[in-house]
Amino acid sequence: MAFYHINPKPLPDGSYEVHKEGCGLLVPDPERIDLGSHADVQTALDKALTFHARVTPCVHCGA
Ligand SMILES: [Zn+2]
(Lines give C-alpha, C1' and ligand atoms only; values in the text may rest on other atoms or scores of the structure.)
Protein backbone atom coordinates (compact mmCIF):
# COMPACT_ATOMS: atom_id res chain seq x y z
CA MET A 1 0.00 0.00 0.00
CA ALA A 2 1.13 3.53 -0.71
CA PHE A 3 -0.37 6.93 -0.11
CA TYR A 4 -1.17 8.97 -3.22
CA HIS A 5 -1.74 12.65 -3.94
CA ILE A 6 -2.74 14.83 -6.88
CA ASN A 7 -0.59 17.86 -7.65
CA PRO A 8 -2.70 21.03 -7.54
CA LYS A 9 -1.21 22.47 -10.73
CA PRO A 10 -2.01 20.82 -14.08
CA LEU A 11 0.61 19.84 -16.63
CA PRO A 12 0.87 21.83 -19.89
CA ASP A 13 -1.48 19.30 -21.54
CA GLY A 14 -4.14 19.94 -18.91
CA SER A 15 -3.82 16.66 -17.02
CA TYR A 16 -3.06 16.38 -13.33
CA GLU A 17 -0.16 14.32 -12.04
CA VAL A 18 -0.70 11.62 -9.45
CA HIS A 19 2.25 10.99 -7.10
CA LYS A 20 3.18 8.56 -4.40
CA GLU A 21 3.90 9.87 -0.93
CA GLY A 22 7.53 11.01 -0.73
CA CYS A 23 8.00 11.75 -4.44
CA GLY A 24 10.51 14.54 -5.02
CA LEU A 25 8.27 16.12 -7.65
CA LEU A 26 5.28 16.32 -5.33
CA VAL A 27 4.94 19.91 -4.20
CA PRO A 28 4.30 20.43 -0.46
CA ASP A 29 1.23 22.42 -1.33
CA PRO A 30 -1.71 22.51 1.10
CA GLU A 31 -4.05 22.50 -1.91
CA ARG A 32 -2.88 19.16 -3.22
CA ILE A 33 -5.57 16.48 -3.08
CA ASP A 34 -4.96 13.45 -0.89
CA LEU A 35 -6.20 10.23 -2.51
CA GLY A 36 -5.55 8.01 0.50
CA SER A 37 -3.81 4.62 0.53
CA HIS A 38 -4.09 2.32 -2.46
CA ALA A 39 -2.74 -1.15 -3.20
CA ASP A 40 -1.72 -0.10 -6.70
CA VAL A 41 -1.71 2.95 -8.90
CA GLN A 42 -4.79 1.94 -10.88
CA THR A 43 -7.21 2.40 -8.00
CA ALA A 44 -5.46 5.66 -7.11
CA LEU A 45 -5.95 6.87 -10.70
CA ASP A 46 -9.60 5.81 -10.62
CA LYS A 47 -10.13 7.92 -7.53
CA ALA A 48 -8.16 10.81 -9.06
CA LEU A 49 -10.58 10.76 -12.00
CA THR A 50 -13.38 11.68 -9.59
CA PHE A 51 -11.57 14.99 -9.01
CA HIS A 52 -10.20 15.77 -12.48
CA ALA A 53 -11.23 14.66 -15.97
CA ARG A 54 -7.64 13.96 -16.99
CA VAL A 55 -4.98 12.48 -14.73
CA THR A 56 -1.60 10.92 -15.42
CA PRO A 57 0.80 8.89 -13.27
CA CYS A 58 4.05 10.64 -12.40
CA VAL A 59 6.94 9.41 -14.55
CA HIS A 60 9.38 9.99 -11.68
CA CYS A 61 7.84 7.97 -8.85
CA GLY A 62 5.91 5.59 -11.08
CA ALA A 63 2.65 6.31 -9.28
ZN1 LIG B 1 5.92 11.58 -8.49
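Note: the structure precedes this text.
I will try to describe carefully the structure that is included in this document. All of these numbers come straight from a predicted model, not from anything done at the bench.

**Side note on the coordination of the zinc ion**
So, step 1. Bound to the zinc ion on the protein side are His 19 (ND1), Cys 23 (SG), Cys 58 (SG) and Cys 61 (SG), at distances that span 2.1 to 2.4 Å.
So, step 2. For the zinc ion, the 4 donor atoms in the first shell make angles of 96 to 126° at the metal, so the coordination geometry reads as tetrahedral.
So, step 3. Cys 58 gets classed as buried once you look at its relative accessible area, which sits at 2%.

**With respect to the pattern of salt bridges**
So, step 1. Here the structure, examined in full by the defined rule, presents 1 salt bridge.
So, step 2. Residue Asp 34 pairs with Arg 32 through a salt bridge whose shortest N-O separation is 4.0 Å.
So, step 3. Given a relative accessible area of 25%, Arg 32 falls into the partly exposed group.

**Regarding the side chain of His 5**
So, step 1. Along the chain, His 5 turns up in strand S1 (residues 2-6).
So, step 2. Within the local environment of His 5, its side chain forms a polar contact with the side chain of Asp 34, the two groups lying 2.6 Å apart.
So, step 3. Leaving out residues up to four positions away in the same chain, His 5 has contacts with Glu 17, Val 18, His 19, Glu 21, Leu 26, Arg 32, Ile 33, Asp 34 and Leu 35.

**Things to note about helix H1 (residues 41-48)**
So, step 1. Here H1 has its buried residues at Ala 44, Leu 45 and Ala 48. Buried residues in H1, looked at end-on, bunch into an arc of 100°, giving them a common side.
So, step 2. On the buried face of H1, the contacting elements are S1, strand S2 (16-20), strand S3 (33-38) and strand S4 (55-57).
So, step 3. Its side-chain oxygen 2.9 Å from the backbone nitrogen of Gln 42, Asp 40 forms the N-cap of H1.

**With respect to the nonpolar core**
So, step 1. Counting residues in each nonpolar core, the largest one holds 9 residues, listed as Tyr 4, Ile 6, Tyr 16, Val 18, Leu 35, Ala 44, Leu 45, Ala 48 and Val 55.
So, step 2. Elements supplying a minimum of two residues to this core: S1, S2 and H1.
So, step 3. Examining the composition of this core, we find that 3 residues originate from one element, H1, more than from any other.
So, step 4. Non-local contacts of Ala 44, meaning those with residues more than four positions away in its chain, are made with Tyr 4, Leu 35 and His 38.

Cut-offs and rules
Residues numbered from 1 in each chain as written. Predicted model: local features only at pLDDT ≥ 70, side-chain atom pairs only at ≥ 80, totals over all residues. Heavy atoms only, no water. Donors = N, O, S within 2.8 Å, 3.2 Å for Na, K, Ca; no water. Tetrahedral: all angles 85-135°; square planar, octahedral: opposite > 155°, others 65-115°. Buried < 20%, exposed > 50% of the residue type's maximum accessible area, 1.4 Å probe, protein only. Salt bridge = Lys/Arg side-chain N within 4 Å of Asp/Glu carboxyl O. Helix = DSSP H or I, 4+ residues; strand = E, 2+ residues; numbered from the N terminus. Polar contact = N/O pair within 3.5 Å; in protein donor to acceptor, adjacent residues only side chain to side chain. Contact = heavy atoms within 4.5 Å. Arc of directions from axis to C-beta. Core = buried A, V, L, I, M, F, W, Y, C linked by side-chain atoms within 4.5 Å.

Remember, this is a structural readout, not a statement about activity or role.
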